[in-house]
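Descriptive analysis of the structure
Below are the chains, spelled out letter by letter.
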Amino acid sequence: MLLLRCQVKQAPQKVPCGFCAMMGKLQSKLKHSTYKYRSDGIIEERLQSRTFQEYSPAHMDAVSVVAALNSDLCVSGGKDKTVVAYNWKTGNVVKRFSGHEREVTKVAIIPKSTQFFSASRDRMVMMWDLHSTSQPTQQLGGHAMVVTGLAVSPDSSQLCTGSRDNSLLLWDVETGQCVERASVSRNLVTHLCWVPSEPYILQSSEDKTLRLWDSRGLRVAHMFPTKQHIQTHCEVSVDGYKCISCSNGFGGEGCEATLWDLRQTRSRICEYKGHFQTVASCVFLPRTLTLMPVIATSSHDSKVKIWNQDTGACLFTLSLDGSGPLTSMAVGDTNSLLCASFRRGIHLLRMSHGQVPELQEVAAF
């Protein structure tokens, strides 16, 4: 395999303060705007100044993606070309992995293991093991452009990758061999996720569509109704019955998330509108947190919103001022959210239990 190397001009890097690097964490005060939405229609705005932990940074530049490895550790990637395993409960880097030549765009976890994959603008996919060296255990090359989608099958035997080259590739995880390839014209992949306990892969695209692929032969099994804007991300519920996609946009045009029926009618169920810039990530929140089913979205407008899944009502908004575009989210444990950003690394958000959920930033790294 011929690997073409190209030199890219590096953006100025943020240098962590010596105190952070030595001590691991410090306390900071930051003002946040929060918005609580009452049942009578009144919006309560509160400007809060809270003390939170500022851990040693995971990355020296913008963070592109974050995923939970287990209830203590997360894996992230960013513009500094590294993949980092981080203990977000203690505020320490567990291991830093190097191998990519350009920005890391996606990470995907192998369930119930210490292994995970990363994708990059260098067109490569790499496999890593937390208990191995800092070098990749596998390198998968097959795409002609930046890799923008990664999804591991529920039984951990297969990996699906997607790219802006309009193609999806299916890999055997054990051998590292590509076993299937499919391409659809103008299908610039933005995200992939595997449906739990099923052979299906959900894919969002820049052609404003959401596709459901059958991994048995890697063919399109269903195409959801076309939206008005680019679909930036997709997520499947734990039971596999529903999925969410989210849209790009500006000035409130587009900028929404959409809930779809994945099992029966495969039609649109609900829309969530309220962000003013591109919605980059969406997640189903654990049902144990609230009395109602809720989802969370993060946006380039620096806001994280919590929504009533059934009604589409916005329940709470946390504005992470100064963070720039929010790029990715992951559920850390039953009451914690991890949120990646351009300017302030990864935010650890704590979600309160109760009838109406609330978010509070407790740490940043």
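Remarks on the overall build of the chain
Scanning the chain from N- to C-terminus turns up one helix and 32 strands. Split into buried and exposed, the 365 residues of the chain put 55% on the buried side. About 15700 Å² of surface is accessible on the chain, with carbon and sulfur atoms providing 50% of the total.

Examining unusual backbone geometry
Look at Lys 81: it is not a glycine, yet its phi comes out positive at around 75 degrees. Examined against the element boundaries, Lys 81 turns out to sit in the loop between β4 (73–78) and β5 (83–87). Residue Lys 81 is classed as partly exposed on the basis of its relative accessible area of 24%.

Notes on the environment of Val 362
Residue position: Val 362 is located in strand β32 (residues 359–364). Counting along the chain gives 310 residues from Val 362 to Phe 52, while the straight-line C-alpha distance between them is 4.8 Å. Every residue in contact with Val 362, bar those within four places of it in the chain, is listed here: Phe 52, Gln 53, Leu 348 and Arg 350.

Remarks on the state of the cysteines
Considering all chains together, one arrives at zero disulfides under this definition. Free of any disulfide, Cys 178 has its nearest cysteine sulfur in Cys 160, 9.6 Å distant. Taking the relative accessible area as the measure of exposure, Cys 178 reaches 32% and is therefore partly exposed.

A closer look at the nonpolar core
If you look at the biggest cluster of nonpolar residues, it comprises 18 residues, and the most contacted ones within it are Leu 285, Val 304, Ile 306, Leu 337, Leu 349 and Leu 359. Examining the composition of this core, we find that three residues originate from one element, strand β28 (residues 314–319), more than from any other. If we skip the residues at most four places from it in the chain, Ile 306 touches Leu 285, Val 294, Ile 295, Ala 313, Cys 314, Leu 315, Phe 316, Met 351, Pro 357 and Leu 359. Counting 16 residues, the second-largest nonpolar core is a separate cluster that includes Val 75, Phe 97, Phe 116 and Met 124.

Quick look at the pattern of salt bridges
Scanning the entire structure with this criterion turns up 13 salt bridges. Two residues, Glu 198 and Arg 263, come together in a salt bridge whose shortest N-O distance is 3.3 Å. With Glu 198 in the loop between β15 (189–194) and β16 (200–205) and Arg 263 in the loop between β23 (256–261) and β24 (268–273), this pair connects stretches of sequence that are 65 residues apart. Residue class for Glu 198 comes out partly exposed when judged on its relative accessible area of 24%. Of the residues examined, Arg 263 reaches a relative accessible area of 38% and is grouped as partly exposed. Here Asp 207 and Arg 211 are joined by a salt bridge, their closest N and O atoms 2.8 Å apart.

With respect to the sheet that holds strand β8 (residues 115–120)
Here four strands make up an open sheet; going across it, the order is β7-β8-β9-β10 and the pairing antiparallel. Looking at strand neighbours, the two that pair on one side only are β7 (104–109) and β10 (138–141), the edges of this open sheet. The sheet shows a mean angle of 20 degrees between the axes of neighbouring strands, taken without regard to direction.

So, the side chain of Asp 122
Topologically, Asp 122 is positioned in the loop between β8 and β9 (124–129). Buried charge without a salt bridge: Asp 122, with Arg 123 as the nearest opposite-charge side chain at an N-O distance of 6.9 Å. Side-chain polar atoms of Asp 122 contact the side chain of His 100, separated by 3.1 Å. Only 2.9 Å separates the side chain of Asp 122 from the backbone nitrogen of Met 124, close enough to count as a polar contact. Apart from residues no more than four positions distant in its own chain, Asp 122 is found in contact with His 100, Glu 101 and Arg 102.

Comments concerning the sheet that holds strand β3 (residues 63–68)
Strands sit in the order β3-β4-β5-β6 across an open sheet of four strands; the sheet is antiparallel. Of all the strands in the sheet, just β3 and β6 (92–97) have a single pairing partner and so form its edges. Within the sheet, the average angular offset between the axes of one strand and its neighbour, ignoring direction, is 25 degrees. Here five bridges tie β3 to β4, and the two strands are oriented antiparallel to one another. Among the inter-strand pairings, Val 63 is bridged to a residue of β4, identified as Gly 78.

Topic: the side chain of Asn 87
In this fold, Asn 87 is placed in strand β5. At 2.9 Å, the side chain of Asn 87 and the backbone nitrogen of Lys 89 are in polar contact. From its side chain, Asn 87 meets the backbone nitrogen of Thr 90 in a polar contact 3.1 Å long. Sequence-distant contacts of Asn 87, defined by excluding residues within four places in its chain, comprise Asp 72, Leu 73, Asn 92 and Val 94.

Some thoughts on the packing of aromatic side chains
The final tally for this structure, using the stated rule, is six aromatic pairs. Between the aromatic rings of Phe 97 and Trp 128, the centroid separation amounts to 5.3 Å while the plane-to-plane angle is 55 degrees, which identifies the pairing as tilted. Of this pair, Phe 97 sits in strand β6 while Trp 128 sits in strand β9, and the two are 31 residues apart along the sequence. Note on Trp 128: relative accessible area 0%, which makes it buried. Through pairs of rings, three or more aromatic residues link up here, namely Tyr 55, Tyr 86 and Phe 365.

The rules behind each value
- Residues numbered from 1 in each chain as written.
- Predicted model: local features only at pLDDT ≥ 70, side-chain atom pairs only at ≥ 80, totals over all residues.
- Heavy atoms only, no water.
- Helix = DSSP H or I, 4+ residues; strand = E, 2+ residues; numbered from the N terminus.
- Buried < 20%, exposed > 50% of the residue type's maximum accessible area, 1.4 Å probe, protein only.
- Areas by Shrake-Rupley, 256 points an atom, 1.4 Å probe, with all protein chains shown as cover.
- Contact = heavy atoms within 4.5 Å.
- Disulfide = S-S within 2.5 Å.
- Core = buried A, V, L, I, M, F, W, Y, C linked by side-chain atoms within 4.5 Å.
- Salt bridge = Lys/Arg side-chain N within 4 Å of Asp/Glu carboxyl O.
- Pairing = 2+ DSSP bridges.
- Axes fitted to C-alpha atoms, helices over the stretch in contact; angles between N-to-C directions.
- Lys, Arg positive; Asp, Glu negative; His and termini not counted.
- Polar contact = N/O pair within 3.5 Å; in protein donor to acceptor, adjacent residues only side chain to side chain.
- Phe/Tyr/Trp six-rings, centres within 6.5 Å; stacked < 30°, edge-to-face > 60°.

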